[in-house]
Amino acid sequence: MSDSQVEGAASTSGLGSRKRRWTELLAGRVKRQMYSPGTEQKLQESAVHLLRRHLNLNDLLLEVEGAPRKTLCLNQLIDPEACTNLSSSLIGSALRDQASRLGVPVAVLSSRMVASSITQICVSDGEPSHRVLLSAEQRKKLSSLLEVARYLLAHSMFSRFSLCQQLWEVQGSLLLEVVWQLHIQNVVSFQELLESHADTQATVAWLFRNLCLLCEEMEASLYSDIASAMLSDLVQMFVLRGFQKNSDLRRNVEPEQMGQLAFVVLQRMLIFALEALAAGMQDGSPQHKVVKCWFGVFCGHTYDRMISTDSPKRFFSHTLTQVLTHKPVLRVSDAVQMQKEWSFAKTHPLLTGLYRRLFTMLSPEELVGHLQEVLETHEVNWQHVLSCVSTLVICLPEAQQLVKDWVARLLARAFENCDLDSMVTAFLVVRQAALEGPSVFPSYADWFQASFGSSRGSHCCSKKTLVFLFKFLSDLVPFEAPRYMQAHILHPPLVPSKYRSLLTDYVTLAKTRLADLKVSLENMGLYEDLSSARDVTEPHSQAHQDVEKAIAVFEHTGRIPSAVMEASIFRRPYYTAHFLPALLTPRVLPKTPDPRAALIESLRRADKIPLSLYSAYCQACSTAEEKKPESAAPGTKVEAVCAEGPLGPLAAALRELRAAMTDPTQYDVVAARVAVVSERLDAALGRAEEDGSSGGSQIQLSVLTPGLEQQEREVADLLLTCFCQNLIVASGFASPDRQGPWASRLATAMCGRRLFPVVLTRLCQLLRHQGPSLSASHVLGLAALVVHLAQSRSVLPEVPVGLPAPAEGLSVAEFFSSLLTFRTSETSLFCLKFCTAVISYSLCKYSSLSRDTLCGCLSPALVKKFQFIILRLFPEARDPLCPEDTADPPWRPLCRPSADWQQAALCLWKQRTFRELLKEKEFHLTYRDWLRLELEIQPEVDCLSDTESSRSYNYSENSDLVLSGCPGNRDIFSRLQEMAAGLEQGPAAPRSCSPPQGHFLFGVFRRRLQALASGWDVAARLQRQRELLVYKWILLGLPPSVVVGRPQAGRPAAPDCTEFFHLVNSELRNFSHGSALTHDLTVHFFRGLLNACSQSGDPSLTADLVLTACQTECPLVLTSALLWWPRLEPELRSRWKRCLQGPLPQELQRLWEAQRFGRSCLLPDTASPAPGPAWLSAAALYFEIQRAGKDRVKSQLERLGCQGEEARYEILSLVFSGKLASDPCSDRLRFSWFT
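If you look the protein up in an unreviewed UniProt entry, it shows as Fanconi anemia group A protein isoform X2 from Panthera pardus.

Structure (structure tokens):
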């Protein structure tokens, strides 16, 4: 109010007194109370109380200030704009003056001013109830305001406590980012603000609401980096305060207040997320966004700054406990029925992701111990517990054994104390882990049999434990899946005879339940996975699968599978009604019994086939033999050979050899068995006796077209198959160095003068021409055979081959290495497998012998190929090696059915003995070796780009390998790259009257090419191609400015590309794909063009000049651009728009128009004019025809008759040169275009 208004108010008061001013009233009141003690202090407190309780500070200031003055008023300071336009010192001075006039502390007045300004900022951009982030304008105003606040704070003119009180009064309008900005700007910390509010529940509710809004806005916000930083800071503070051991909070609050508040907020957010998961939220919904964002705070990098404390670990442990115990409403019976739906694959990805993040803070031992503790002390949510178990065994392989040990302890405790809880936990955990497959955990049937199928089981201790077990199993029957009851029946617990009734009672109960479920126990297959959740297979379908599996097991072991024997006794209905009919399917019997026939004969001798059924089978096979056409092809299996012919005795001798070498007590008779094999080999080949070894004889062999007679091939296949099978069987019970002499003796038997060429020829067919199709057992067996043949090199002749090779021929070891090629990705992978097997077998077989002996068994060429291919295919092989790696060579893992060849190759690469072997000079992979092997690969089928393939050799400079015989060459190239980069970043070339010069490297290339031998022979062409490959690799490794030079300063002339054009026209076109360069070289040129344009005063003119020069000097560059345009255009447009702005230059636009023309010619009802020049449009159409295929082209080429005559001529030339003239429509095109 003004003074006159105050006087009016006084006159109407009814007291009849004279009019007095507001200041006189205050003075009179002070005068009347001046003699009371503490009056001044009370007056100040009353004034502060008045200011705090007043709802509108602006109105109050207007009343106090009276008429407007030219001096700065406080109501101006409250406006956030004032903080932007006025200096902090001026604002501080004004605040001090106003506080003096009011008689209140300046700190209180300043805090009130800042709080009012913050409120205005928060509401200036609309209702803040659904936002937590500021707009850019709000953030700018707040930044200015906080700068003033820091000034006031530094000069003791600001009260943090007062500001907190004012902010809580307007918490409904307060944005979370404002609180965060106050914290990071050191105005008011999170902790101070939260502790200043007396109502903890209201504080928690405000924080929870804002955290949910923050998580919801995180993904879609334009300021996601700010939102992420806010969330990270908040979580760190909550974790540090809520999960610390010793309280070190502020003195003025209760010690547990901040910790309790942080704990409750984190707890509430987790409960919200778990309830949202349980409710089945939709992907993309607000709840889903909140849960996804909140679970993301459990990433380890969020707590990097807290690594020195234990708070994160306690937080993660507590969170895991809360997840496992959240709403424990499911009973054990529910878990038994539903756990198949809680596997890792079926659990919500957000929940499994949370588990994986929680696992990072705890070791596997701690995790298993924590699970055990929670299950023992809490009521749990079984869905979360079991899904956690699945995640644990899937994501932490080292935890698999820990879970097995934990289950064993649970069983021991259960039977010791008849503890039902431990029993329930053990069975649920085992069943859950078994759901993840045998590669992760043993099947439930195997575990049940191992735990209860022997007298060592804890259940055999007493009758009490047996009763406890069968009572537990009986209680499970109404709830569990049929698979588990089938496992219990087929693999029953071992029970003493006097307690047999307990087992029979359970079996009767389980069979009754299976009958109610209409599941037939008798029709269950022999090799079905009893732990799987899939539907039951039809009996006839499963029977055929069982037969194939039984034959495979019999072929591998030579014995009737135990599953078949058990079925013949305990599962007689399925065995006789399904398995035997599937096994005894009538067929044309082979003359030499194959594994199926051998298994049938073994079962007949064991009286496991009814006589009538066997007689019917033999009669049906005889009938099939009579009906067989004479022209029927022989069986594909090696064993299907004539039993009465010469191969029959040989096959019998080989079987006797296998029996001798598989029995450790018969190693001394191996030599006699091998002698019998050698004798019968002569008869099998139909040749006269020979005098032992093949030394001194000349072997004639065609590597490209190896051929054998039928009899020779059958003998070789029988020998090689026998060797491979014997090796797999022997490796199943002993390592190569403990298998005895059978392998070396049998290999020596193959070295006869007449047999050895047959074996070599067959190995050539298999390794060079059929390698990728060989099975793992064949690869392992042939690799071992190659090692033993190489060991016998002293008695074997050299092998001349029809390939570029030394005139004197190759040793046997080098010959086998030459059969391994890298032409395609399939042959490269086979080469990796074979080399891995050869080297691993050698290291295992001769580990105790001298290094010279070991080196003699290995071909240096083969070792170099292994180094080349593993460095080429696996980047992890180029990482530094651990010198303490003492693992054994990976031979044993390779013999397993599910062998991981990549892992085995990497394991061998890191093996210490192999690393020491590479120190030998003969095994060094030189640059010449690398380049020669790289040239073997066909570029069009290479799985790596040129740049990637070149990087595979980069590792060599950090190892014992040598680059072109000189380690400094790599350093020279590195220096060249640094020089080129320095020139590119330097100033533009000064203006000169002389024409620009090309890069000096092109001169070096030209002189080196001129020095090479000329001619068109194979050697000269290979040498030139190798040189050009190095040039291409160098160009791609240097900045693009080397290809397209930099424009001179102040001149519009195009950069000089003459040297590059000459190299393309004369040499690099040899690397082209028909009418274009390779993709990497094309992209490199255009990157250089964009780089030159970015340094030019007129980028568009520079680009047009260069591309116009290409039309006359190097058209291959433009045709290359058209070929790769779908991949090239996005990069060109993106970089031009980002760096140079504006539309594409005219010549680049011309390329786009040509490509559009070519595409439109193949589309119905569209027409696009052909841009000039005509040959460019013709090239675009030609490439589109290649991409589209002939079938689509025929119906569209007639439409080209409307084009110009020159365009028609150019297109026709390119189409005919592309061998499309054979197209049926080509004759019609010719007449329609030229008439």
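Colleague: Break down the overall build of the protein for me, citing the residues and quoting the values.
Modeller: Secondary structure assignment for the protein yields 60 helices and zero strands. By the burial criterion, 48% of the 1235 residues in the protein qualify as buried. Counting only contacts in the protein whose residues sit at least 6 apart along the sequence, the fraction spanning at least 24 positions is 75%. When the accessible surface of the protein is totalled, it reaches about 59500 Å², and 53% of it is carbon and sulfur.

Colleague: Please provide a residue-by-residue account of the nonpolar core, values included.
Modeller: Core analysis: the biggest nonpolar cluster contains 160 residues, and Phe816, Phe834, Phe866, Ile870, Phe1085 and Phe1086 have the highest contact counts within it. Apart from the residues lying within four places of it in its own chain, the contact partners of phenylalanine 1085 are Val1043, Val1044, Phe1060, Phe1061, Val1106, Cys1110 and Val1117.

Colleague: Go over the environment of proline 328, please, and point to the residues and values.
Modeller: Here proline 328 lies in the loop between α17 (311-325) and α18 (332-338). Spatially, the C-alpha atom of proline 328 lies 4.9 Å from that of valine 380, the residues being 52 residues apart in sequence. In this structure proline 328 touches Glu379, Val380 and Asn381, once residues within four positions along its chain are discounted.

Colleague: Please set out the side chain of arginine 431 residue by residue, giving values where relevant.
Modeller: Structurally, arginine 431 can be placed in helix α23 (residues 420-434). Its relative accessible area of 1% is what places arginine 431 among the buried residues. Apart from the residues lying within four places of it in its own chain, the contact partners of arginine 431 are Val336, Gln339, Tyr444, Leu476, Glu480, Tyr484 and His488.

Colleague: Could you give an account of the pattern of salt bridges, with specific residues and numbers?
Modeller: The full count for this structure, using the stated rule, is 23 salt bridges. Across the salt bridge formed by lysine 327 and glutamate 275, the nearest N and O atoms sit 3.5 Å from each other. Taken together, the residues span a long stretch of sequence, with lysine 327 in the loop between α17 and α18 and glutamate 275 in helix α15 (residues 257-279) at a distance of 52 residues. Take lysine 327: its relative accessible area is 48%, and that puts it in the partly exposed class. Among the residues examined, glutamate 275 registers a relative accessible area of 35% and is labelled partly exposed.

Colleague: Now, about helix α9 (residues 136-154): what can you tell me, with residues and values included?
Modeller: Taking 1.5 Å of rise per residue, 19 residues should cover 27 Å, and α9 covers 27 Å from first to last C-alpha, within 8% of that figure. For α9, every residue scored as buried is listed here: Gln138, Arg139, Lys141, Leu142, Ser144, Leu145, Leu146, Val148, Ala149 and Leu152. In the stretch just after α9, serine 156 is the one whose phi turns positive, near 55°.

Colleague: Run through the packing of aromatic side chains, naming residues and quoting values.
Modeller: On inspection of all chains with the given rule, the structure shows 37 aromatic pairs. With a centroid separation of 5.7 Å and 20° between ring planes, the pair formed by tyrosine 575 and phenylalanine 579 is classed as stacked. Of this pair, tyrosine 575 and phenylalanine 579 both sit in helix α30 (residues 572-583), separated by four residues, roughly a single helical turn. On the basis of an interplanar angle of 35° and a centroid distance of 5.9 Å, the ring pair of phenylalanine 830 and phenylalanine 834 is categorised as tilted. Of this pair, phenylalanine 830 and phenylalanine 834 are both found in helix α40 (residues 825-845), four residues apart, which corresponds to roughly one turn of the helix. Considered together, phenylalanine 830 and phenylalanine 834 belong to a single accessibility category, that of buried residues. Three or more aromatic residues joined by ring pairs make a cluster, and in this case those are Phe415, Phe427, Tyr444, Trp447, Phe448, Phe452, Phe468, Phe472 and Tyr484.

Colleague: Could you give an account of the packing of α9 against helix α11 (residues 176-184), with specific residues and numbers?
Modeller: Running from N to C, α9 and α11 point in directions that differ by 35°, and their axes come no closer than 11 Å. Relative to α11, the crossing made by α9 is right-handed. Residue-level inspection shows Arg139, Leu142 and Leu146 of α9 in contact with α11, the latter providing Glu177, Val178, Gln181 and Leu182.

Colleague: So what's going on with the state of the cysteines? Residues and values would help.
Modeller: Applying the stated rule across the entire model yields zero disulfides. No disulfide involves cysteine 1110; its nearest neighbouring cysteine sulfur is the one of cysteine 1114, lying 6.2 Å away. Of the residues examined, cysteine 1110 reaches a relative accessible area of 0% and is grouped as buried.

Conventions adopted
Residues numbered from 1 in each chain as written. Predicted model: local features only at pLDDT ≥ 70, side-chain atom pairs only at ≥ 80, totals over all residues. Heavy atoms only, no water. Helix = DSSP H or I, 4+ residues; strand = E, 2+ residues; numbered from the N terminus. Buried < 20%, exposed > 50% of the residue type's maximum accessible area, 1.4 Å probe, protein only. Contact = heavy atoms within 4.5 Å. Areas by Shrake-Rupley, 256 points an atom, 1.4 Å probe, with all protein chains shown as cover. Core = buried A, V, L, I, M, F, W, Y, C linked by side-chain atoms within 4.5 Å. Salt bridge = Lys/Arg side-chain N within 4 Å of Asp/Glu carboxyl O. Expected span 1.5 Å × (residues − 1). Phe/Tyr/Trp six-rings, centres within 6.5 Å; stacked < 30°, edge-to-face > 60°. Axes fitted to C-alpha atoms, helices over the stretch in contact; angles between N-to-C directions. Left-handed = near helix turned anticlockwise from the far one by under 90°. Disulfide = S-S within 2.5 Å.

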